[in-house]
Amino acid sequence: MQNVHGILLVIASMAGFTVEDALIKQLSQTLPVGQVLTLLGIGSATIFALLAHLRGHNILARAAWRRPFLLRALAEATAAMAFVTSLSLVDISVVAAVFQATPLVITMGAALFLGEEVGWRRWTAICLGFLGVLMIIRPGLSGFEPAALFVLISVAAVAARDLITRRIDVAVSSFVVSFQGFAAVVPAGVVLLAMSGTGPQALSLSQVVMLLGAVVFGALAYYGIVQAMRIGEAAAVTPFRYTRLLFSLIVGVVVFNERPDAMTLAGAALVIGTGLYTFLREQRLARRKRRGLA
């Protein structure tokens, strides 16, 4: 029953992230991307600062501001800049499809930079997954959108963030770490706004509501993922992260009138299939290792 609750929380969280993405995309049509990013960073950082305070954690503790934490925050800021920029320029369904390659990039990064052992089966899955990404963005072909490369930058930065997270001090609260990540988004947004050459704009009531909605849905989705991983087994709940693509496809078609073509859908299926295989293979190897130690 715990796994069922965990699965439902993951699905609800993926729906929440999709709503957040849709609101960000809508806001970026009328506001500078840098301004959207700055306001999102302020709102989300405030939420996690309050949560850290309520739990008795000091967001300014020296242990939380060592080099690995700063590198993680930098990766978070880079990922946010690239992701929000891609949402403003590319179909939400394409962004979500390419973003599903993140677990594959994390596995590759763990092998290349952390010395984790990755066998030929998972390397094959990684290569096939990247082939799926190429099918979606189609470099050199008529359907190629250069702005889709921002999604790849975001994927690489998220993978770097998660790999760094494996090496940071676990004694530092996850609320403090989350605060750092979102706080780093604020100067990133300011830089993006300055680079755009446009100043900040006054917000209408509808824009304020959408902004608050994006912050709230994002925070609730984050909390849901954390809770899901605590109450459910990873092998049971993790595959349901891919429901984010389904929700994004629905939102893209219904809200933004997008029409993903057959190659995009085939590429997305290949990315998801290889990602699931890689995850299940890692779980199987982990079980074998535990039995060997028993």
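Scroll up to find the structure this text is about.
Because the structure is a prediction, the values reported are computed rather than measured.

**Student:** What is the right way to read unusual backbone geometry from this model?
**Tutor:** Working note: non-glycine residues mostly have negative phi, and peptide bonds are mostly trans. Even without being glycine, Arg 138 reaches a positive phi, approximately 50°. Examined against the element boundaries, Arg 138 turns out to sit in the loop between helix 6 (120-137) and helix 7 (149-165). You can call Arg 138 buried: its relative accessible area is 13%. Not every positive phi belongs to a glycine, and Asn 257 is a case in point at roughly 55°.

**Student:** Explain the side chain of Lys 25 here, please?
**Tutor:** Position of Lys 25 among the secondary structure elements: in helix 1 (residues 2-28). No salt bridge forms around the buried Lys 25; measuring N to O, its nearest opposite-charge neighbour Glu 258 is 4.7 Å away. When sequence neighbours within four positions are dropped, the list of residues in contact with Lys 25 reads Leu 87, Val 90, Asp 91, Ile 92, Phe 256 and Glu 258.

**Student:** Would you take a moment to explain the packing of helix 4 (residues 92-99) against helix 7 for this structure?
**Tutor:** Two numbers describe a pair of packed helices, the interaxial angle and the distance between the axes. As a packed pair, helix 4 and helix 7 sit with axes 9 Å apart at the nearest point and diverge in direction by 35°. Crossing geometry of helix 4 relative to helix 7 is assigned as right-handed. Of helix 7, the residues touching helix 4 (which contributes Val 95, Val 98 and Phe 99) are Val 151, Leu 152, Ser 154, Val 155 and Val 158. Here the residues of the contact of helix 4 with helix 7 are counted per class, giving 7 nonpolar, 1 polar and no charged.

**Student:** Whenever I open this one, the environment of Gln 100 confuses me. Can you help?
**Tutor:** As for its position among the elements, Gln 100 is in the loop between helix 4 and helix 5 (102-113). Residues Gln 100 and Val 271 lie 171 residues apart in sequence; the distance between their C-alpha atoms is 6.6 Å. Excluding residues that lie within four positions of it along the chain, Gln 100 makes contacts with Arg 241, Tyr 242, Arg 244, Leu 245, Val 271 and Ile 272.

**Student:** Any chance you could explain the nonpolar core here in plain terms?
**Tutor:** Generally speaking, nonpolar side chains in soluble globular proteins are found buried as a group. Judged by nonpolar contacts, the single largest core of 49 residues is most densely connected at Ile 24, Leu 40, Val 98 and Ile 136. With 7 residues, helix 4 is the largest single contributor of residues to this core. For Ile 136, the residues in contact, after removing those within four places along its chain, are Val 94, Ala 97, Val 98, Thr 264, Gly 267, Ala 268 and Val 271. Ala 45, Ala 52, Ala 64 and Phe 175 belong to the second largest nonpolar core, which has 12 residues in total.

Calculation rules
- Residues numbered from 1 in each chain as written.
- Predicted model: local features only at pLDDT ≥ 70, side-chain atom pairs only at ≥ 80, totals over all residues.
- Heavy atoms only, no water.
- Helix = DSSP H or I, 4+ residues; strand = E, 2+ residues; numbered from the N terminus.
- Buried < 20%, exposed > 50% of the residue type's maximum accessible area, 1.4 Å probe, protein only.
- Lys, Arg positive; Asp, Glu negative; His and termini not counted.
- Salt bridge = Lys/Arg side-chain N within 4 Å of Asp/Glu carboxyl O.
- Contact = heavy atoms within 4.5 Å.
- Axes fitted to C-alpha atoms, helices over the stretch in contact; angles between N-to-C directions.
- Left-handed = near helix turned anticlockwise from the far one by under 90°.
- Nonpolar A, V, L, I, M, F, W, Y, C, P; charged D, E, K, R; others polar.
- Core = buried A, V, L, I, M, F, W, Y, C linked by side-chain atoms within 4.5 Å.

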